[in-house]
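Here is what each chain is made of, one letter per residue.
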Amino acid sequence: MLSERRLQVLRAIVQDYVGTEEPVGSKALTERHSLGVSPATVRNDMAVLEDEGYIAQPHTSAGRIPTDRGYRLFVDKLAGVKPMSAPERRAIQNFLESSVDLDDVVGRTVRLLAQLTRQVAVVQYPSLTRSTVRHVELLSLAPARVMLVLITDTGRVEQRMIDCPAPFGESSLADLRARLNSKVAGRRFADVPVLVEDLPEGFDLEDRGTVSTVLSTLLETLVEENEERLMIGGTANLTRFTHDFPLTIQPVLEALEEQVVLLKLLGEAGDSGMTVRIGHENAYEGLNSTSVVSVGYGSGNEAVAKLGVVGPTRMDYPGTMGAVRAVARYVGQILAES
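Being a predicted model, the structure only gives us computed values, none of them experimental.

Caption draft 1: Representation of the packing of helix H7 (residues 170-184) against helix H9 (residues 205-222) within the structure. The N-to-C vectors of H7 and H9 enclose an angle of 45 degrees; their axes lie 12 Å apart at closest approach. The orientation of H7 with respect to H9, classified from their angle, is oblique. For the pair H7 and H9, the crossing hand works out as right-handed. Contacts between H7 and H9 pair Ser172, Leu176 and Leu180 from the former with Asp207, Val211, Val214, Leu215 and Leu218 from the latter. Taken together, the residues of the contact of H7 with H9 break down into six nonpolar, one polar and one charged.

So, in structure tokens, the structure goes:
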């Protein structure tokens, strides 16, 4: 375990390096920070920090920079994240409240995160498997053709066309709509199959085939495999940090094009806590020079998806974590009210 003083020195090195982009020397540290010890003592502390792998010396400089391990300890020992100011919070709320639908919410969230953090923003659409049914609408398009509209608690809307095995009258459709909603409205997707399995038996024999067709379409919609969608924005922000990426920025850009990689980076949607992955903690090799800050968001106490940012390891962690957390909280509020 590091002593409190050496931890203080490490904090000062991280803050200075993030702020100045320059490797940090002991003289500059004692001038900029009230460490209460001599430059010689700071030099000794820096030697210990280097021996233990928390800081390193780049080839061209006498100063030191934090390693992945140093950033990790800095983040783990953070007393708190940087809170957003009242004007910033109002601006976030006003911007998100102007959204007209779920796509707009996600699009605005991506733009907002990218602007606030000046990093690459990634927002996952609310997952169907963690959602609840708000309403199922059935619309007659022709005597034997029905449109099914599924609306979730997060405002997600899924539409499906259904060709029925026989003509289905308006009164029968209204009856099915009412019975279906009485069973599934407000219920989790995972519970729906059991709730509707005996529904066809309550209808006349000639209508049961159509009722079964409608229900099987509904159940297919609930379990679709390609449900995990993402929106990404602010990739151009990375060009401001080209010197933070060894050799080239290309592997980072290629990784950001891989949806599977990004979903793994954000982590499990059901985990609502703040996650910070630094440098080589990212399993994907192309992202070893980046850090990922992510958190869950949802319309209630449970997270239905994740959002976060990707940037260089030389990141303002307290500020980035504060912005990501604040935006997630407001997105959850918007979804709850939608």
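Caption draft 2: Region of interest: the sheet that holds strand S6 (residues 157-163). With respect to topology, three strands assemble into an open sheet ordered S4-S5-S6, the strand pairing being antiparallel. Edge positions in the sheet fall to strand S4 (133-142) and S6, since each of these pairs with one other strand and no more. Within the sheet, the average angular offset between the axes of one strand and its neighbour, ignoring direction, is 20 degrees. Direction of pairing for strand S5 (residues 145-152) relative to S6: antiparallel, over a ladder of seven bridges. Paired with Leu148 across the two strands is Arg160, which belongs to S6. Running over the sheet, H7 touches S4 and S5 and is turned about 165 degrees from S4.

Caption draft 3: Representation of the sheet that holds strand S8 (residues 275-278). On the basis of which strands lie adjacent, the open sheet formed by five strands has the order S7-S3-S10-S9-S8 and antiparallel pairing. At either end of the open sheet lies a strand with only one pairing partner, and these are strand S7 (230-233) and S8. Averaged over all neighbouring strand pairs, the angle between strand axes comes to 15 degrees, with direction disregarded. Judged from the four bridges that link them, strand S3 (residues 120-124) and S7 form a sheet pairing that is antiparallel. Residue pairing across strands places Val122 opposite Ile232, the latter belonging to S7. Most of the contacts of helix H11 (residues 259-266) go to S7, to which it runs at about 90 degrees, and overall it touches S3, S7, S8, strand S9 (290-297) and strand S10 (305-312).

Caption draft 4: Expanded view of H9. With 18 residues, H9 extends 26 Å between its outermost C-alpha atoms, agreeing within 8% with the 26 Å of an ideal straight helix rising 1.5 Å per residue. Of all the positions in H9, only Asp207, Thr210, Val211, Val214, Leu215, Thr217, Leu218, Thr221 and Leu222 are classed as buried. End-on view of H9: buried residues confined to an arc of 155 degrees, all on one side of the axis. On its buried face, H9 is in contact with S4, S5, S6, H7 and helix H8 (192-196).

Rules used throughout
Residues numbered from 1 in each chain as written. Predicted model: local features only at pLDDT ≥ 70, side-chain atom pairs only at ≥ 80, totals over all residues. Heavy atoms only, no water. Axes fitted to C-alpha atoms, helices over the stretch in contact; angles between N-to-C directions. Helix = DSSP H or I, 4+ residues; strand = E, 2+ residues; numbered from the N terminus. Parallel < 35°, antiparallel > 145°, perpendicular 65-115°, else oblique. Left-handed = near helix turned anticlockwise from the far one by under 90°. Contact = heavy atoms within 4.5 Å. Nonpolar A, V, L, I, M, F, W, Y, C, P; charged D, E, K, R; others polar. Pairing = 2+ DSSP bridges. Expected span 1.5 Å × (residues − 1). Buried < 20%, exposed > 50% of the residue type's maximum accessible area, 1.4 Å probe, protein only. Arc of directions from axis to C-beta.

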